[in-house]
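Residues per chain are reported as follows:
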Amino acid sequence: MTKKVCVLGLGYVGLPTACMFAVQGYHVVGVDVKREVVETISKGSIHIEEAGLKTMLQAAINSRNLVARNEVEPADVFIIAVPTPLAPDKRADVSFVESAARSIVPVLARGNLVVLESTVPPGTTNGLLCRILSETGLNPGVDFHVAHSPERVLPGNVFSELVSNDRVIGGITPESAQLARDLYMSFVEGEILLTDSTTAEMVKLTENTFRDVNIALANELALIAAEYGVDIFSVVALANRHSRVNVHQPGPGVGGHCIPVDPWFIVENSNEAGKLIRRARELNDSMPERIVQLVEHVVGPAQDAKISVWGVAYKGNVDDTRETPAAPIVHLLRKRNYKISIFDFHVRNFECEIDSLESAVNASDAILLLADHKEFKYLDPHVIGQKMRRRIVIDTRNCLDPAKWKGAGFDFHLLWKKL
Ligand code: SAJ
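Note that this is a predicted model, so its numbers are computed, not measured.

Focus on the overall build of the protein
Part 1 of the reasoning: Within the protein, the secondary structure is distributed over 15 helices and 13 strands.
Part 2 of the reasoning: Its C-alpha radius of gyration of 23 Å places the protein within 12% of the 22 Å reference for a compact globule of 419 residues.
Part 3 of the reasoning: Each principal axis of the C-alpha atoms in the protein carries an extent, and together these give about 70 × 50 × 40 Å.
Part 4 of the reasoning: Contacts spanning at least 24 positions in sequence make up 73% of the contacts within the protein whose residues lie at least 6 apart.

Regarding the site of the ligand
Part 1 of the reasoning: Contacts to the ligand come from 21 residues, most closely from K204, N208, R211, Y314 and R397.
Part 2 of the reasoning: In this structure, an oxygen atom belonging to the ligand sits 2.4 Å away from a side-chain N or O atom of R211.
Part 3 of the reasoning: Y314 is positioned with one of its side-chain polar atoms (N or O) 2.5 Å from an oxygen atom of the ligand.
Part 4 of the reasoning: Starting from 770 Å² of accessible surface for the ligand in isolation, the protein chains cover 89%.
Part 5 of the reasoning: In this structure the site holding the ligand corresponds to the second largest pocket.
Part 6 of the reasoning: Across the shell around the ligand, the residue classes tally to eight nonpolar, six polar and seven charged.
Part 7 of the reasoning: No fewer than three residues from each of domain 1 (4–204) and domain 2 (287–418) sit in the shell around the ligand.

Quick notes on the packing of helix α8 (residues 197–227) against helix α11 (residues 275–299)
Part 1 of the reasoning: The contact between α8 and α11 brings their axes to 9 Å, and the two run at 50°. Judged by the angle between their axes, α8 and α11 are oblique. Every pair of crossing elements has a handedness; the one defined by α8 and α11 is left-handed. Mapping the contact onto sequence places T209, D212, V213, I215, A216, N219, E220 and L223 in α8 and L276, I277, A280, R281, L283, N284, M287 and R290 in α11.
Part 2 of the reasoning: Residues of the contact of α8 with α11, tallied by class, amount to nine nonpolar, three polar and four charged.

Quick word on the layout of surface pockets
Part 1 of the reasoning: The volume enclosed by the largest pocket comes to roughly 1,200 Å³.
Part 2 of the reasoning: Contributing to the lining of the largest pocket are 45 residues, with G11, Y12, K34, P83 and R322 lying nearest its centre.
Part 3 of the reasoning: When residues of the lining of the largest pocket are assigned to their parent elements, the largest contribution, four residues, is made by helix α4 (residues 95–104).
Part 4 of the reasoning: Its residues placed into classes, the lining of the largest pocket shows 19 nonpolar, 14 polar and 12 charged.

Digging into the domain arrangement of the protein
Part 1 of the reasoning: According to the domain assignment, the protein contains domain 1 (4–204) and domain 2 (287–418).
Part 2 of the reasoning: Counting residues at the interface gives six residues for domain 1 and eight residues for domain 2.
Part 3 of the reasoning: Where domain 1 abuts domain 2, roughly 560 Å² becomes buried across the two surfaces, and 40% of that area is made up of carbon and sulfur atoms.
Part 4 of the reasoning: When the area that domain 1 buries against domain 2 is broken down by residue, the three leading residues are Y12, E49 and P155, summing to 85%.
Part 5 of the reasoning: Linking domain 1 with domain 2 are one salt bridge.
Part 6 of the reasoning: Between R348 and E49 there is a salt bridge, and its shortest N-O distance comes to 3.9 Å.
Part 7 of the reasoning: Here domain 1 and domain 2 share three residue pairs in polar contact (both at pLDDT 80 or more) between them.
Part 8 of the reasoning: Its residues assigned to classes, the side of domain 1 that touches domain 2 shows four nonpolar, one polar and one charged.

As for α4
Part 1 of the reasoning: Among the residues making up α4, those that are buried are V97, A100, A101 and I104. One side of α4 carries all its buried residues, which in axial view fall inside an arc of 100°.
Part 2 of the reasoning: The secondary structure elements touched by the buried residues of α4 are β1 (4–8), β4 (77–80), β5 (113–116) and α5 (125–133).

Things to note about empty space enclosed by the protein
Part 1 of the reasoning: Within the structure shown, the criterion is met by two cavities of 30 Å³ or more.
Part 2 of the reasoning: Taken as a whole, the largest cavity holds about 50 Å³ of empty space.
Part 3 of the reasoning: Lining the largest cavity are P150, E151, R152, V153, E161, L162, N165, D166, R167 and V188.
Part 4 of the reasoning: Taken as a whole, the second largest cavity encloses approximately 50 Å³ of empty space.
Part 5 of the reasoning: Residue lining of the second largest cavity: Y12, V13, E151, V153, L154, P155, V158, H257 and R322, and that is the complete set.
Part 6 of the reasoning: Residue classes in the lining of the second largest cavity are distributed as six nonpolar, one polar and two charged.

Regarding the side chain of T84
Part 1 of the reasoning: Residue placement: T84 occurs in the loop between β4 and α4.
Part 2 of the reasoning: There is a polar contact of 2.6 Å between the side chain of T84 and the backbone oxygen of T119.
Part 3 of the reasoning: Setting aside anything within four residues of it in sequence, one finds T84 in contact with D93, V94, V97, S118, T119, V120, V261 and F265.

Regarding the sheet that holds strand β8 (residues 192–196)
Part 1 of the reasoning: Ordered in space as β3-β2-β1-β4-β5-β6-β7-β8, the eight strands form an open sheet in which the pairing is mixed. Of all the strands in the sheet, the pair left with one neighbour each is β3 (66–69) and β8. Sheet twist, expressed as the average angle between the axes of neighbouring strands with direction ignored, equals 25°.
Part 2 of the reasoning: Two strands pair when backbone bridges link them, and β1 and β4 are joined in this way by four bridges, in the parallel orientation.

Re the sheet that holds strand β11 (residues 366–369)
Part 1 of the reasoning: Pairing within the open sheet is parallel, and its five strands lie in the order β10-β9-β11-β12-β13. Among the strands making up the open sheet, the edge pair consists of β10 (339–343) and β13 (411–414). Between one strand axis and the next, the sheet turns by 20° as a mean value, whatever way the strands run.
Part 2 of the reasoning: Direction of pairing for β11 relative to strand β12 (residues 392–395): parallel, over a ladder of three bridges. Across the sheet, residue L368 finds its bridge partner in β12, namely I394.
Part 3 of the reasoning: Its contacts with the sheet put α11 on β9 (306–310), β11, β12 and β13, and the angle it makes with β12 is roughly 160°.

The rules we used
- By convention here, each chain's residues receive numbers from 1 onward along its written sequence.
- Local features in this predicted model are restricted to residues whose pLDDT is 70 or higher, and side-chain atom pairs enter the listing and the counts only when it is 80 or higher, whereas totals over whole chains, interfaces and linings include all residues.
- Hydrogens and water are ignored here; the side-chain numbers use all heavy atoms of the structure.
- Counting from the N terminus, the helices are DSSP H or I runs at least four residues long and the strands are E runs at least two residues long.
- As a reference, a globule follows 2.2 Å times the number of residues to the power 0.38, and the radius of gyration itself is taken over C-alpha atoms.
- Only heavy atoms enter the contact rule, under which two residues are in contact if any of them lie within 4.5 Å.
- If even one non-hydrogen atom of a residue comes within 4 Å of a molecule or strand, that residue is called near it.
- Two N or O atoms count as a polar contact when they lie within 3.5 Å, although within protein this holds only if one can serve as hydrogen donor and the other as acceptor, and sequence-adjacent residues are included solely when both atoms are side-chain atoms.
- Values of accessible area rely on a 1.4 Å probe in the Shrake-Rupley scheme; residue burial ignores everything except the protein chains shown.
- Points on a 1 Å grid, built from protein atoms alone, make a cavity when a 1.4 Å probe fits but cannot get out and make a pocket when they are open with protein on both sides within 12 Å along at least 5 of 7 lines; residues with an atom within 4 Å of a point are the lining residues.
- Occupancy of a cavity or pocket is assigned to a molecule whenever over half of its atoms lie within 2 Å of that pocket's grid points.
- Gly is put with the polar residues, along with every residue not named as nonpolar or charged; the nonpolar set is Ala, Val, Leu, Ile, Met, Phe, Trp, Tyr, Cys and Pro, and the charged set is Asp, Glu, Lys and Arg.
- Residue ranges assigned to the domains are those given by an automatic or database domain assignment.
- Only C-alpha atoms enter the line fits that serve as axes; for helices the fit covers just the stretch in contact. Angles between N-to-C directions range over 0 to 180 degrees.
- Orientation is classified from the angle alone, with under 35 degrees giving roughly parallel, over 145 giving roughly antiparallel, 65 to 115 giving roughly perpendicular, and any other angle giving oblique.
- Here is the rule for handedness: rotate from the far helix to the near one, and if that takes an anticlockwise turn smaller than a right angle the crossing is left-handed, while a clockwise turn gives right-handed.
- Grid points are joined across faces, edges and corners, and a volume is the space filled by probe spheres set on the points.
- Joining two parts hides part of their accessible area as seen by a 1.4 Å probe, and the buried area is that hidden amount summed over both.
- What counts as a salt bridge is simple: a side-chain nitrogen of Lys or Arg found within 4 Å of a carboxyl oxygen of Asp or Glu.
- Throughout this description, buried means an accessible area under 20% of the type-specific maximum (1.4 Å probe, protein chains only), exposed means over 50%, and partly exposed covers the range between.
- The directions from the helix axis to the C-beta atoms form the arc being described.
- Two strands are counted as paired when DSSP detects at least two bridges linking them.

In structure tokens, the structure reads:
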């Protein structure tokens, strides 16, 4: 008999995952608490941008293997893929996991498998999740199975990574892990590695903490390079020619739903042991303020200066603005009385209005590039320059060709310089 899978949370991870199971022939019920999300998906439309998502969703809907609902239904498998944001006290806010788990309680049956995909602090699957599911009177690991299968896909490349990435699955019992492996084997071509649930939680957090700490190192090196008047991007490129060196890219700060968040989850119960991780987080969080200092230095005091901010997504080629460093940068520039206009090739919804390219550059004094969307590379600096009041570019991502922009009369600045 075909298995029924209920996916709770139809966001960046839940929706592509629901589509993958549906096209593999599972009966999938995608559940989201937002009515408009369910309506949009039911029509075969998407509420988020992700390469290939619309085609996959339409295939899934047309096959009748995927339906979207507001309520959880009885199923063989429940997959929880809800957000775990950072609370103001820098601890994980697991309230969506809690409410998703509570919504499963009335329908959970003997033999079911519950998989948590959301990123959580170590111990959450075995602790909080199992505690809530035990409210059924059933015994986790005996009457039903529970596993943590963290998502590890890169936004913008979700479908190929869902298939080809290796997957770490941790069960509260070995049987739970094996059942989850049998499920994901339907579409995962990478290796599936089994462990216990707390190890799997820590693996996921470790991956993103590794990245955050390495980006902090790159940012610190950028500040040091500026002291010597050296181009940090050349330093990184040349150092990375060593076969055992992989310095990350410096930039205006670290955004996205995972990397600026996960390191806090891993240290939330470790005050003494987590010092390096906390320091790296703080350094990355301080980059927006430093970018604003650079703008002040290059452009001069605000008076009536207008800054054209290019790219407010948290990184290039995505429409995602979660935790984007552009938000504090725009906020800090406004506080210092700069006029701001924003242009982005991908982002439609942001806390400030997004202008057309033309009105964003019109009569502006400087371009501040924050997200390296590939389209920026193809813009003609001569055409852009004609509309501007002053020709200044600050490229925080090493995205534009300096020779091309300097050739068009621009005063060109990379990420950082000695102030
Ligand atoms: N960034 C830098 N320098 C770099 C790399 C990234 O400043 O060298 C910045 C980006 O501009 C962005 C932020 O860091 O603001 C994060 O971008 P990212 O591309 O490193 O990561 P995400 O958040 O898009 O996806 C990450 C991935 N994790 C790792 O690469 C270890 C992905 O595999 C995870 O699935 C995802 O987090 C997640 O959901 O955890």
